[in-house]
Amino acid sequence: MSVKTDSESPIGVFDSGVGGISVLRELVKIMPNEDYLYFGDSINAPYGTKKISRIRELTIKNVEKLMEMGAKSIVVACNTATSAAVRVLRKMYPDMPLVGIEPAIKPAVEYKENSRVVVMATPMTLKQEKFQKLMEKYDGQAEIVPLPCPGLMEFVERGDLEGDDLYKYLNILFGSVNQKKIDSVVLGCTHYPFAINAIKNVVGDDVKIFDGGEGTAREMRRRLGEAGLINNSGKKGKVKFINSKDTEEEKKLCEFLLNLKMQ
């Protein structure tokens, strides 16, 4: 498959559902003149409970769908899909500016000396070699506590961002790690920033929260610059949402999340 080399072609953003819209928001902030194609595979969500081979197969198929639709670059805005497929995709399409996402452990560790850092992520992300190596890299600089969050992304997929059930879920979740003080929390899934208000209320205002969306957006801008593919038209860009569920409700949820005011 050929790679687009037209600077006015859109940036493709892929996620297993609607969570990657948290990364899309950062992309739009940093590069407002770009057009975006966002594809969410909500019909197959969650990816975090699937076998790696299946996650890789779905990710490659959906990234290639975005390329067929004219994307000049790809952001894999899903931690699980990044771990499972980004390395393979880079080998398949070496000329394509392609960026994945990883938990923002580095800034969380550097935020405070000898801190206690809780990393919220899907069970699959936490099991991946990529995450294990990331933890090992900062071993000794901080106490890093992996916190598997099965079911949290489903709250966001339903648009339940501050309901009673979500608070009950989060209180039980953090009950397992709250015996000692937490200094910071890393949001290791792109769905989780949409639940940030609820997470802040549960962990408290003195706990710093980190997510990798802004860094991913900056990295895509850097790669587009290197490839000479930044859109310099001066026009405000557009966002087009595509979702494998293909329902009006899903489209409304995507638009709601893109425009949501978050703390």
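So, how was this worked out
- Residues numbered from 1 in each chain as written.
- Predicted model: local features only at pLDDT ≥ 70, side-chain atom pairs only at ≥ 80, totals over all residues.
- Heavy atoms only, no water.
- Pairing = 2+ DSSP bridges.
- Helix = DSSP H or I, 4+ residues; strand = E, 2+ residues; numbered from the N terminus.
- Phe/Tyr/Trp six-rings, centres within 6.5 Å; stacked < 30°, edge-to-face > 60°.
- Buried < 20%, exposed > 50% of the residue type's maximum accessible area, 1.4 Å probe, protein only.
- Lys NZ or Arg CZ within 6 Å of the ring centre and 35° of its normal.
- Expected span 1.5 Å × (residues − 1).
- Bend = angle between axes of the 7 residues up to and from the residue.
- Axes fitted to C-alpha atoms, helices over the stretch in contact; angles between N-to-C directions.
- Salt bridge = Lys/Arg side-chain N within 4 Å of Asp/Glu carboxyl O.
- Contact = heavy atoms within 4.5 Å.

Student: Describe the sheet that holds strand β4 (residues 98–99), listing the residues and the values that go with them.
Tutor: Across the sheet, which stays open at both edges, the five strands sit in the order β4-β3-β1-β2-β9 with parallel pairing between neighbours. Only two strands of the sheet have a single neighbouring strand rather than two, namely β4 and β9 (239–243). Pairing geometry for strand β1 (residues 11–15) and strand β3 (residues 73–76), over four bridges, is parallel. Looking at β3, one finds that V13 is bridged to V75.

Student: Explain the packing of aromatic side chains residue by residue, including any values.
Tutor: Under the counting rule described, the total for this entry stands at five aromatic pairs. Consider the rings of Y38 and F241, whose centres lie 5.7 Å apart with planes at 70°: the pair is edge-to-face. Highlighted residues: Y38 in strand β2 (residues 36–40) and F241 in strand β9, separated in sequence by 203 residues. One exposure class covers both Y38 and F241, and it is buried. Ring geometry for F155 against Y169: centres 5.4 Å apart, planes inclined by 55°, an arrangement best described as tilted. Residue F155 is located in helix α7 (residues 152–157), and its partner Y169 is located in helix α8 (residues 164–175); the two are separated by 14 residues in the primary sequence. A residue is classified by how much of its surface remains accessible, and F155, at 8% relative accessible area, is buried. Taking relative accessible area as the criterion, Y169 reaches 17% and is therefore assigned buried. Through pairs of rings, three or more aromatic residues link up here, namely F14, F39 and Y47. Positioned above the aromatic ring of F155, the side-chain terminus of R158 is 4.7 Å from the ring centre. The aromatic ring of F210 is capped on one face by K208, whose charged end is 6.0 Å from the ring centroid.

Student: Provide a residue-level description of helix α3 (residues 79–92), including the pertinent values.
Tutor: With 14 residues, α3 extends 20 Å between its outermost C-alpha atoms, agreeing within 8% with the 20 Å of an ideal straight helix rising 1.5 Å per residue. Within α3, the axis deviates most sharply at A85, by approximately 55°.

Student: Before we move on, can you summarise the sheet that holds strand β5 (residues 116–121) with the specific residues and values?
Tutor: The strand order β6-β5-β7-β8 describes an open sheet built from four strands, whose pairing is parallel. Edge positions in the open sheet fall to β6 (143–148) and β8 (208–211), since each of these has one partner strand only. For this sheet, the mean inter-axis angle between neighbouring strands, taken without regard to orientation, is 25°.

Student: Give a description of the pattern of salt bridges that names residues and reports values.
Tutor: Applying the stated criterion across every chain yields a total of 15 salt bridges. Across the pair K133 and E129 runs a salt bridge, and its minimum N-O distance is 3.1 Å. Taken as a pair, K133 and E129 lie in helix α6 (residues 129–137) at a separation of four residues, close to a single helical turn.

Student: Explain the environment of P123 residue by residue, including any values.
Tutor: Relative to the helices and strands, P123 resides in helix α5 (residues 123–127). Counting along the chain gives 74 residues from P123 to T49, while the straight-line C-alpha distance between them is 7.5 Å. Once you skip the residues sitting within four places of it in the chain, P123 turns out to touch P148, C149 and P150.

Student: Please give an account of helix α1 (residues 21–30) that cites residues and values.
Tutor: Within α1, seven of the ten residues are buried, leaving the element largely enclosed by the surrounding structure. For α1, the complete set of buried residues consists of I21, S22, V23, L24, R25, E26 and L27. On the buried face of α1, the contacting elements are β1, β2, β3, α10 (213–227), β9 and α11 (248–259).

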